[in-house]
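Secondary and tertiary structure notes
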Amino acid sequence: MASTKICGFDELGVNEAVKVEIDGVPIVVVRDAAGDVFAIGDTCTHGDISLSEGFVEDDTVECWAHGSKFSLRTGKPLNLPAYEPVPVYQVDLVDGDVYIDPSVTVAV
C-alpha cells in the first residue's frame, strides 16, 4: 500500500486531534506544539472509543471515556484502565503535505 495524502501541514491545528480513515483503518493525527506530526491508532484499547474525540496534552492523547492517556510517540498507554498499546504509523511530510501509510507501523 502506498502513502496517502491526509492534508496540508498547515491544516492541522496545534494540539488538536483529527480522525482520518485510510482503507478502513481509523487513525488519529496530531500536530504538537513543537511542530511534530504523529499518527496512532484511533481506537482506545480499553473500549471502542475514538481517541480523536479525546484531549491532547504534551505528547499524549487522552481517551475521554475512561481517562487512559496514550503516548503519541510509542502508542503505549501511560495509565489504566488501558494496558495494550495502539499502533503508531509512519508520517511523512512532503512539500508541506502530510502522508500516512497504514501498512507501515513504527517499531518503538
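What counts and what doesn't
Residues numbered from 1 in each chain as written. Predicted model: local features only at pLDDT ≥ 70, side-chain atom pairs only at ≥ 80, totals over all residues. Heavy atoms only, no water. Helix = DSSP H or I, 4+ residues; strand = E, 2+ residues; numbered from the N terminus. Rg over C-alpha atoms; globule rule 2.2 N^0.38 Å. Contact = heavy atoms within 4.5 Å. Areas by Shrake-Rupley, 256 points an atom, 1.4 Å probe, with all protein chains shown as cover. Lys, Arg positive; Asp, Glu negative; His and termini not counted. Charge placed at Lys NZ, Arg CZ, Asp CG, Glu CD. Pairing = 2+ DSSP bridges. Axes fitted to C-alpha atoms, helices over the stretch in contact; angles between N-to-C directions. UniProt positions renumbered as here; feature names shortened; annotations may be inferred. Buried < 20%, exposed > 50% of the residue type's maximum accessible area, 1.4 Å probe, protein only.

This part is about the overall build of the protein chain. The secondary structure content of the protein chain amounts to 0 helices and 9 strands. Since a compact globule built from 108 residues should have a radius of gyration of about 13 Å, the 13 Å found for the protein chain is in line with a globular shape. When the backbone C-alpha atoms are referred to their principal axes, the protein chain occupies close to 40 × 30 × 20 Å. At a minimum sequence separation of 6, the contacts of the protein chain that also span at least 24 residues come to 38%. Here the protein chain has roughly 5600 Å² of accessible surface; of this, 48% comes from carbon and sulfur atoms. When the 6 basic and 19 acidic side-chain charges of the protein chain are each reduced to a single mean position, those positions are 4 Å apart.

So, about the sheet that holds strand β6 (residues 60-62). In sheet architecture, strand pairing relies on hydrogen bonds along the backbone and comes in two forms, parallel and antiparallel. Strand order in this open sheet of 3 strands is β5-β6-β7, and the pairing throughout is antiparallel. The sheet is open, and its two edges are formed by β5 (55-57) and β7 (69-71), each paired on a single side. Averaged over all pairs of adjacent strands, the angle between their axes in this sheet comes to 25 degrees, without regard to strand direction.

If you walk across this open sheet you meet the 6 strands as β1-β9-β8-β4-β3-β2, and the pairing is antiparallel. Of all the strands in the sheet, the pair left with one neighbour each is β1 (4-8) and β2 (17-22). Ignoring which end each strand starts from, the neighbouring axes of this sheet average 30 degrees apart. Two strands pair when backbone bridges link them, and β2 and strand β3 (residues 25-31) are joined in this way by 6 bridges, in the antiparallel orientation.

Let us look at the pairing of strand β8 (residues 88-94). Inspection of the sheet shows strand β4 (residues 37-41) paired to β8 by 2 bridges, in the antiparallel sense. Its bridge partner being in β8, Ile 40 is matched across the sheet by Val 88. Of the pairings in the sheet, the one linking β8 to strand β9 (residues 97-105) comprises 5 bridges and is antiparallel in character. Across the sheet, the residue bridging to Val 94 is Asp 97, located in β9. Taking the residues that link successive antiparallel strands as the turn, the β8-β9 hairpin has 2 residues, and the phi of Asp 95 there is positive, at about 50 degrees.

What follows is about the UniProt feature "domain: Rieske" (unreviewed entry) in the protein chain. On the UniProt side, "domain: Rieske" (unreviewed entry) is annotated at positions that read residues 4-100 here. The straight-line gap between the two end C-alpha atoms of residues 4-100 is 5 Å; of that span, 0% is helix and 44% is strand.

Within the secondary structure layout, Asp 95 lies in the loop between β8 and β9. In this structure, the C-alpha to C-alpha distance between Asp 95 and Gly 8, residues 87 residues apart in sequence, is 8.9 Å.

Moving on, we come to the environment of Cys 7. In this structure, Cys 7 sits in strand β1. For Cys 7, a relative accessible area of 11% translates into the label buried. A C-alpha to C-alpha distance of 23 Å links Cys 7 and Ile 49, two positions 42 residues apart in sequence.

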